[in-house]
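The lines below spell out each chain.
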Number of protein chains: 4
Amino acid sequence: MHALKTLAELNELPREDFVASLGDVFEKAAWIAEAALAARPFATVAALHDTMMHVVRDASTERQLAFLRDHPELGTRRAGADPMTEASKAEQGSLGLDRLSDPEFARFAQLNAAYRQRFGFPFIICVRRHTRDSIFAQFERRTHNGADAELAAALEEIGFITRLRLVAKIEGPGKPKTTGRLSTHALDITCGRPAAGVEIALYEIGTSAHGLLVKARTNADGRTDSPLIADQPLRIGTYELEFKVGDYFAGSGSARSNPSFLDVVPVRFSIAEPEGHYHVPLLVTPWSYIAYRGS
Amino acid sequence: MHALKTLAELNELPREDFVASLGDVFEKAAWIAEAALAARPFATVAALHDTMMHVVRDASTERQLAFLRDHPELGTRRAGADPMTEASKAEQGSLGLDRLSDPEFARFAQLNAAYRQRFGFPFIICVRRHTRDSIFAQFERRTHNGADAELAAALEEIGFITRLRLVAKIEGPGKPKTTGRLSTHALDITCGRPAAGVEIALYEIGTSAHGLLVKARTNADGRTDSPLIADQPLRIGTYELEFKVGDYFAGSGSARSNPSFLDVVPVRFSIAEPEGHYHVPLLVTPWSYIAYRGS
Amino acid sequence: MHALKTLAELNELPREDFVASLGDVFEKAAWIAEAALAARPFATVAALHDTMMHVVRDASTERQLAFLRDHPELGTRRAGADPMTEASKAEQGSLGLDRLSDPEFARFAQLNAAYRQRFGFPFIICVRRHTRDSIFAQFERRTHNGADAELAAALEEIGFITRLRLVAKIEGPGKPKTTGRLSTHALDITCGRPAAGVEIALYEIGTSAHGLLVKARTNADGRTDSPLIADQPLRIGTYELEFKVGDYFAGSGSARSNPSFLDVVPVRFSIAEPEGHYHVPLLVTPWSYIAYRGS
Amino acid sequence: MHALKTLAELNELPREDFVASLGDVFEKAAWIAEAALAARPFATVAALHDTMMHVVRDASTERQLAFLRDHPELGTRRAGADPMTEASKAEQGSLGLDRLSDPEFARFAQLNAAYRQRFGFPFIICVRRHTRDSIFAQFERRTHNGADAELAAALEEIGFITRLRLVAKIEGPGKPKTTGRLSTHALDITCGRPAAGVEIALYEIGTSAHGLLVKARTNADGRTDSPLIADQPLRIGTYELEFKVGDYFAGSGSARSNPSFLDVVPVRFSIAEPEGHYHVPLLVTPWSYIAYRGS
């Protein structure tokens, strides 16, 4: 892996080094970095990324299609030939797409074949913004697109993918924040105070889900010391936050039954905006609760 | 099975017929019905039951222990010998205690052995007031009782069991209502109206749970046409009510994301009072909800 | 006042007595009762009312206008001449329109003059469906109507007025229920039980409001023994329900501050549908509450 | 008024200047500043205040009583003689205690007389921590104290008063923050977003209340740009926050009636901890709301 560079360094690098540094941000398409070179210096990473995306969007449809065709298929277990970039491998690996079960593998194979037959290039999606469930959902939905709409959709995904890759290669000033944040807050409305010490678990749920993502405990302010997820895209998908309020109220002297009416409170919700801030608080008594998307 | 009789008929029956009719309400203990005979006529079934329970409570400890010893063990798969009453079979069968998995069978066997060794009679519990999980929990808890406390506990369970049996044998006036009721109500607080047409499912959950208990759909008043459970003891245990609010709001024009923030809303709660009324409403928008024990 | 009659009696009365009985349901317009006579017998009071309203709607515009002109003005303090029907007096008296303050009297006088100049007949509104505030609001709004729209509006109000008058004259079967209902329910969500013994007061509020309408106390079910308002139109307007939860929680052992965070909880809302059912519950802890239009 | 000084300057001042600077922090009791002098340098303002309070607490009861007797009475309109310190005037003026109505004046006069007769010194209370209502309530409550308890209560109030005075005289590092904060947050739970642009008004209510305290409008985050009250003691008393949600939802396309069910939502609450943070959010739809003490 190349060492991280600052934007200032990139602005000064000789041509070959610049291209070597950024050539594989766009999958096997060093020509994009080369074409972007002329616009240096870049004031921000966002400006650099915009320029590179303009190169892609201004290219001929033929060149765009060739570029798209050079992307790897999702969810394959191919040995050897036709290697992905390191970035692609890491992205697919983050969802376990490199170690699918047989039925999942078969489903991907079928979707890949149908998609490629229809559009002539592999299905491209910014894996880091999705759960497996939403990838399957997008795959099936987009296979019904018209050719123009799908070309646009694929390039939009290229934008998401390459922005994340670019940000990962650069350090220092001018680097945009990668947004995406999930947080919570537990409030004990029997006493108007933060519910401190509540055990919280976040699960991804769904037909092919990852299960437990994170465990935490609320602090004196009823929040977790750090957000449940922060500074990365939230994967589109369905989640369940579980609050162990039974244990919390066991120590509080509140009126409870045995077993207590509420023990583990599950709050199930879906994320639709990977770059958004999802704040999902709980206001709770031993007999009632309010869950909502807050801010 | 004997035909249902009215209380008036029972009050008039010849001695042998009265005893034949009610003799097995108390497991293999026709002497209890016989002793109760003198107190006829009974104004209500509750009065009849109270009289029979007094016979038991007034008996010598020896006779009480002999009576308790004549009860079947829970969760056995014995063939042939030492048959249960029909009532016991039906009660145990209602929880699947007659078709346990091997680990469950082993756990019961161990608990039964420990309990019998300590107290000299089998563990008695009103099965119809419990889930398997709460039976295991009670079993373990009560095995640590002292002898007097446990004798009292067993007789209290006898009271629960025989009251239900008695009520099941009698028809017509003077018969008490068997209480126990679980109901719900869905209110759409984006428009201040009942949420009509919401699919609802009730699950028993727990380590050895029965799964789906009932499905229903809310009517124009946001309620189900009949309570989810009614006129029978609610089994002590943990439940999950699921409300398909995603489908409901899909037709409503409300502001939603894709996927929608809320789709299936699970409300998990435990029941502690089998004869109680649990009303568990949901006030809901596409982005928030309030769940509580209502009335 | 004529004695109440049953629908069966009305169906059998001689012509003159029928007209005498119903002649003043429509202000000084016995011709309407006379014309309705031919359609006897009426199966329901609603059918009788519909028939009478059809007589009005089928009359010539001239006759309709003459009929409307025979109505009293609202909010006058005229002595002697041009008397209202008893019904009109009672209706206007129910809002205190017969004992206005000087500024209110002046405002009515100005509105009456402007309205009569524009339309040639007095402003007609079903007083029993309105508070003073909503009468003023309707008065000002309707004065800007076109002639046709306002004639239709006046006849719709005639329909509301005469339906209530007719129902008040008839007893026995076939009589429609006058709907309109305001109820409440207080639930203590610190313990999942009805909040019993909570003092409740209902106020009409607004620039010229009547003040306290009713006081009540919640019973063991957290409801008032009878609805706050029932079986009569709810006056369109703004209300405040006050719940004395401070006194309630003072006896409960809940965690409270001194003075308590919540003492009297005001819930302010407006009624827009006089014939509707407004159920306005409160779910409450000493530190939080939920108020909503329920069902 | 003396110019603000830093703690460093106070630590270095000649004796007379130090006493001149701080002599009237304790009402007409320069001996307290003088006695504190020996403990210089002070690391923080809190340490300086603690030292001065120790001087008072360590003084003989006679000297304490003489010190208390030198305080002004509350709510008098005396001309001329026996002037208050500037600080006392400003504090009493902040509650309008220098311009009482005749009945209020009479009530204070009666309370002052009864109190002075019982304890021999005037009633002392940190006015800036109270509304008029809570002053009256404290006055009546404390008049029933025993002599020792009341001496302790008066000295505790002296601590509150002098801490605020001291902080007001000093600038720069080492100065403690004066806490006390009231904030709010409006969330539109029909769409899971902050309710922006909601007009909010905060009123002090009560039998002799000041009325409107502040108006504000929620920003894009559903909060006010600055807290409703900050960095000063919150006066113990009863308040009403009013949220104009009718206007807010008028622009939102939500299902509403005419007039809308909710227009101005009043949230009435009491403050018991002047130095606390009261966060009072509103979660709202056009037909429901949740108000609570948050964090």
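In this report, the structure presented in the accompanying data block is examined. (Residues numbered from 1 in each chain as written. Chains lettered and ligands numbered in written order. Predicted model: local features only at pLDDT ≥ 70, side-chain atom pairs only at ≥ 80, totals over all residues. Heavy atoms only, no water.)

One pass over the structure, following the stated rule, counts 62 aromatic pairs over all chains. Ring geometry for Tyr239 of chain A versus Phe269 of chain A: centroids 6.0 Å apart, planes at 25°, classification stacked. Taken together, the positions of Tyr239 of chain A in strand S8 (residues 237-244) and Phe269 of chain A in strand S9 (residues 264-271) put the pair 30 residues apart, joining distant regions of the chain. With a relative accessible area of 1%, Phe269 of chain A lands in the buried category. For the pair Tyr248 of chain A and Phe249 of chain A, a centre-to-centre distance of 4.9 Å together with 70° between the ring planes defines the contact as edge-to-face. Given the relative accessible area of 2%, Phe249 of chain A is considered buried. Feature note: the residues Phe108, Tyr115, Phe119, Phe121, Phe123, Phe136 and Phe139 of chain A constitute an aromatic cluster, connected by ring pairs. Over the aromatic face of Tyr278 of chain A sits the side chain of Arg293 of chain A, whose NZ or CZ is 3.8 Å from the ring centroid. Residue placement shows Arg40 of chain B over the ring face of Phe18 of chain B; its charged tip is 4.9 Å from the ring centre. (Phe/Tyr/Trp six-rings, centres within 6.5 Å; stacked < 30°, edge-to-face > 60°. Helix = DSSP H or I, 4+ residues; strand = E, 2+ residues; numbered from the N terminus. Buried < 20%, exposed > 50% of the residue type's maximum accessible area, 1.4 Å probe, protein only. Lys NZ or Arg CZ within 6 Å of the ring centre and 35° of its normal.)

Turning our attention to the relation of the copies chain C and chain B. Of the transformation placing chain C onto chain B, the axial shift is 0.0 Å and the rotation is 179°, giving an RMSD of 0.1 Å. Taken together, these values place the two copies in the relation of a two-fold axis. Minimal C-alpha separation from the rotation axis in chain C is found for Ile290 of chain C, amounting to 4.6 Å. An overlap of 100% is found between the interface residues of chain C and their copies at the interface of chain B, pointing to a shared contact surface. (Least-squares fit on C-alpha atoms with pLDDT ≥ 70 in both. Contact = heavy atoms within 4.5 Å.)

Before going further, it helps to spend a moment on the relation of the copies chain A and chain B. The operation relating chain A to chain B is a screw motion whose rotation component is 180°, with 0.0 Å of axial translation and a residual RMSD of 0.1 Å. When the interface residues of chain A are mapped onto chain B, 100% of them are again interface residues, pointing to one common binding face.

A separate point is the interface of chain A and chain B. Contacts between chain A and chain B engage 26 residues on the former and 26 residues on the latter. Interface area lost by chain A to chain B is led by Phe261, Arg268 and Tyr289 of chain A, which between them contribute 32%. Our count for the contact surface shared by chain A and chain B stands at four salt bridges. As a salt-bridge pair, Glu240 of chain B and Arg268 of chain A come within 3.7 Å of each other at their nearest N and O atoms. (Buried area = accessible area lost by both parts, 1.4 Å probe. Salt bridge = Lys/Arg side-chain N within 4 Å of Asp/Glu carboxyl O.)

Before going further, it helps to examine the sheet that holds S9 of chain A. All names here are of chain A. An order of S6-S5-S8-S9 is seen for the four strands of this open sheet, with the pairing classed as antiparallel. Of all the strands in the sheet, the pair left with one neighbour each is strand S6 (211-217) and S9. The mean angle between the axes of side-by-side strands here comes to 20°, regardless of whether they run parallel or antiparallel. (Pairing = 2+ DSSP bridges. Axes fitted to C-alpha atoms, helices over the stretch in contact; angles between N-to-C directions.)

Right, let's get into the pattern of salt bridges. Within the structure shown, the criterion is met by 69 salt bridges over all chains. In this structure, Glu104 of chain A and Arg132 of chain A form a salt bridge, with 2.5 Å as the shortest nitrogen-oxygen distance. Of the two residues, Glu104 of chain A sits in helix H7 (residues 102-119) while Arg132 of chain A sits in helix H8 (residues 132-142), which places them 28 residues apart along the sequence. Of the two residues examined, Glu104 of chain A and Arg132 of chain A, each falls in the buried class. Members of the salt-bridge network, linked through shared partners, are Glu240, Glu242 and Arg268 of chain A together with Glu240, Glu242 and Arg268 of chain B.

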